[in-house]
Amino acid sequence: MTHREPTDAQPTRPTTTRRRLGAALAAAALLATPAFSPTLLAVPAQAAGTSATAPAATKAQDLVLQNGSTDSQRLLSWQTDDPAELGVRWAKKADLVDGRLPESAQTAQQTEQGEAVDGRHFHQAALNGLDTDAQYSYQVGSDEAGWSDVHSFGTSVTGDFNVYGDPQIGSSGDVDSDATGWKRTLQASLRTNPEASFLYTLGDQVEHKDNQAEFAAYLAPEQSRTLPQATTLGNHEAGSKAYSDHFNRPNVSADHGQNVKGTGGDYWFISNDVLFVNFNANASSEDDIAEHKDFLDKVVKQQGDKARWTAVVFHKAPYSTANHLDDDDVMRFRAAFPAAFSANDVDLVLGGHDHVYSRTHLLNGSGSPADEAADGESIVDKRPDASAPVELDKDSGESLYYTLTSSSGSKFYDMYTDEQMDEAGFPRDNIAAAEQTRTPGYLNVKATCEALTLTSRSVDAAGADSVVETVKLAKDAGDCQGGEPSEEPTAEPSEVPSTAPAETPSAQPGQTSTPEQPTGEPGAGAGGGDANGGAGTDPGAGGAPGAGSLPRTGVQIGTALGIAGLLVAGGGLALVLARKRRG
């Protein structure tokens with residue numbers, strides 16, 4: 001699939017006319033301007049007795065805004081009952097006219113579509129070339145099928161983002177209850193951290209891989225459409241392409257982490273000066289692990305100098321402290337990954353899966369504490385302390401590992417005892433903090449050049465948000481200007497191929513939705529991307545420029561010209577009658 005970058009938009013439609021002209025002549029003059037959209041005349045045409053009507057707004061279900069390759073790109077995925085060719089149009093929020101996108105709105109064709117597992121159709125698209133610290137509004141659909149409601153989002157790079165362990169909607173057996181818990185945590189996290197620029201979930205968004213009601217409940221909060229999110233494939237989504245239908249991830253590898261065709265694939269993106277490398281942890285054989293390591297090596301080689309920090313994210317946390325710590329695949333990860341993470345100077349490792357909270361000491365390449373000697377402490381004595389921040393100075397090759405608990409409260413596991421850990425050969429001395437309070441939680445990360453400030457928080461049934469612990473992870477400041485992500489890094493074909501929330505009390509400025517609007521013709525523009533949002537074909541590929549737009553139809557133009565003629569003739573007749581009255 002081709003990658004398209006936005007081109008300069010055409011001029012906007014004039015918004016004023018000379019008041020002293022008759023209404024008919026004003027309409028005719030307006031029609032004569034090049035940038036005017038004929039479809040905006042749907043109501044006058046009906047008044048004239050024609051049968052022309054604007055199509056109803058398209059029903060964009062499960063619409064979700066996601067991170068792109070860099071902070072200048074956003075990806076979209078949505079589902080409809082219509083297999084038609086759809087797309088996206090967008091503009092600066094300040095350019096809206098009475099809540100409508102202007103004629104100068106940029107447009108892009110969908111990058112991928114297909115039949116979804118439940119018989120509907122999924123659609124995916126990309127918004128490229130976005131400015132930093134801007135507010136944008138967008139719609140999905142087409143002139144023929146109609147356009148969705150208008151949604152808005154911001155592109156501020158605040159260095160602030162939230163991470164959530166397993167929402168797992170449906171796990172309790174009560175989808176509505178789980179969805180309420182997820183929404184409660186999400187809203188509390190954004191009240192407390194209103195500068196959060198995106199959300200990151202660590203897998204098991206749902207309990208059942210093909211259950212549309214669970215996906216819809218997970219995506220129901222308005223933040224799904226107004227705040228970008230990144231997602232992780234969990235074991236409960238594995239084996240079905242429903243996950244890939246719902247989530248449009250950037251730079252998905254076709255050769256790494258694809259244990260089940262169409263569901264997985266390792267991927268990467270850069271945001272807020274952090275390079276994120278995401279593994280499909282369902283690919284867990286020795287060969288799969290070799291693929292993950294190879295993917296990490298190549299992505300860090302090609303993209304590592306474009307971000308200050310590097311984080312690896314996958315569902316099955318290697319240093320969790322509950323039921324899954326002695327699973328075969330988790331033990332393989334624990335044995336293999338520390339050396340690879342050390343070699344690539346990975347700063348932060350994030351996972352879930354065990355529905356419990358734990359954090360390690362800084363670990364070296366052998367998977368041992370970098371500074372602390374064996375402490376011999378019982379796991380029950382390692383409860384996190386919220387009274388004072390923990391300050392860690394990281395040397396090259398050291399990594400900090402987190403396991404995050406459930407973010408919805410749908411399920412928790414009991415933490416293992418010392419005896420169970422010892423029997424499983426689990427390195428208790430690696431754990432710096434662990435607890436099981438059976439309270440939903442999340443992690444807020446604030447990234448600066450000097451440090452990552454990581455604040456773990458819990459959210460009770462009343463929505464009260466409290467600190468579990470705060471960790472400041474610092475490393476040698478060096479050149480604290482950091483690297484700027486390249487929009488079009490040089491491709492290396494020999495490298496890894498890749499495919500392509502009124503309910504928010506704390507949304508960023510502009511993160512709002514407005515009611516659906518009558519369909520209007522987008523201005524001629526260009527934009528779009530390939531199936532992975534224009535990511536290119538390998539970890540270094542940023543795509544190539546191109547052009548594309550949603551087409552203007554001959555029927556619309558012919559209808560407009562006919563109406564123009566009627567209005568001009570009517571206007572002329574009005575002037576003749578007026579002159580006779582004066583005479």
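Scroll up for the structure.
Residues numbered from 1 in each chain as written. Predicted model: local features only at pLDDT ≥ 70, side-chain atom pairs only at ≥ 80, totals over all residues. Heavy atoms only, no water.

Participant: Before we go on, may I ask you to explain the pattern of salt bridges in this structure?
Facilitator: When the charged atoms of two side chains with opposite charge come close together, those side chains can pair. If you walk through the whole model with that rule in mind, you get 17 salt bridges. With its nearest N and O atoms 3.8 Å apart, the salt bridge here joins R428 to D418. With R428 in the loop between helix 9 (418–423) and strand 21 (431–435) and D418 in helix 9, the pair connects residues that are 10 residues apart, well separated along the chain. A residue is classified by how much of its surface remains accessible, and R428, at 16% relative accessible area, is buried. (Salt bridge = Lys/Arg side-chain N within 4 Å of Asp/Glu carboxyl O. Helix = DSSP H or I, 4+ residues; strand = E, 2+ residues; numbered from the N terminus. Buried < 20%, exposed > 50% of the residue type's maximum accessible area, 1.4 Å probe, protein only.)

Participant: Just checking my understanding: could you explain the environment of W78 for this structure?
Facilitator: Within the secondary structure layout, W78 lies in strand 2 (residues 74–80). Residue class for W78 comes out buried when judged on its relative accessible area of 0%. Distance in space between the C-alpha atoms of W78 and D62 is 5.3 Å, their sequence separation being 16 residues. Residues within four places of W78 in sequence aside, it is in contact with A60, Q61, D62, L63, L86, G87, H121, F122, H123, Q124, A125 and V140. (Contact = heavy atoms within 4.5 Å.)

Participant: For this particular structure, what's the right way to read the side chain of D166?
Facilitator: Counting through the fold element by element, D166 comes out in the loop between strand 10 (160–164) and helix 3 (175–192). Buried within the structure, D166 lacks any salt-bridge partner; K411 is the closest side chain of opposite charge, at an N-O distance of 7.0 Å. (Lys, Arg positive; Asp, Glu negative; His and termini not counted.)

Participant: Honestly, the pairing of strand 6 (residues 121–127) in this entry has me stumped. Any pointers?
Facilitator: Successive residues of a regular strand alternate their side chains across the two faces of the sheet. For strand 6, the tally of buried residues reaches seven of seven residues, placing the bulk of the element in the interior. Taking every second residue as pointing to the same face, both faces of strand 6 are buried, with H121, H123, A125 and L127 on one and F122, Q124 and A126 on the other. Strand direction decides the pairing type here: strand 2 and strand 6, joined by seven bridges, are antiparallel. Opposite S77, over in strand 6, you have Q124 as the bridge partner. Summarising the sheet, strand 5 (residues 112–115) and strand 6 pair through four bridges and their orientation is antiparallel. When the sheet's bridge partners are listed, E115 is paired in strand 6 with H121. As consecutive antiparallel partners, strand 5 and strand 6 are separated by five residues, and within that stretch G119 has a phi angle of approximately 95 degrees, a positive value. (Pairing = 2+ DSSP bridges.)

Participant: Please clarify how the packing of helix 7 (residues 286–303) against helix 8 (residues 328–343) should be interpreted in this entry.
Facilitator: The axes of two packed helices give the description: the angle between them and the distance between them. The interhelical angle for the contact between helix 7 and helix 8, taken along N-to-C directions, is 20 degrees, at an axis separation of 11 Å. On the basis of the axis angle, helix 7 is roughly parallel to helix 8. Handedness of the helix 7/helix 8 crossing: right-handed. Side by side, helix 7 and helix 8 meet where E286, I289, H292, K293 and L296 of the first sit next to R332, F333, A336, F337, A340 and F341 of the second. For the contact of helix 7 with helix 8, the class distribution of residues is seven nonpolar, one polar and three charged. (Axes fitted to C-alpha atoms, helices over the stretch in contact; angles between N-to-C directions. Parallel < 35°, antiparallel > 145°, perpendicular 65-115°, else oblique. Left-handed = near helix turned anticlockwise from the far one by under 90°. Nonpolar A, V, L, I, M, F, W, Y, C, P; charged D, E, K, R; others polar.)

Participant: Can you walk me through helix 4 (residues 212–219) in this structure?
Facilitator: Residues three or four positions apart in an α-helix share a direction because the helix packs 3.6 residues into each turn. Listed as buried for helix 4 are E214, F215, A217, Y218 and L219. Contacts from the buried residues of helix 4 go to strand 1 (61–67), helix 3, strand 11 (199–201), helix 5 (223–226), strand 12 (229–230) and helix 6 (242–246). Structurally, the start of helix 4 carries an N-cap: the backbone nitrogen of A213 is 3.0 Å from a side-chain oxygen of N211. (Polar contact = N/O pair within 3.5 Å; in protein donor to acceptor, adjacent residues only side chain to side chain.)

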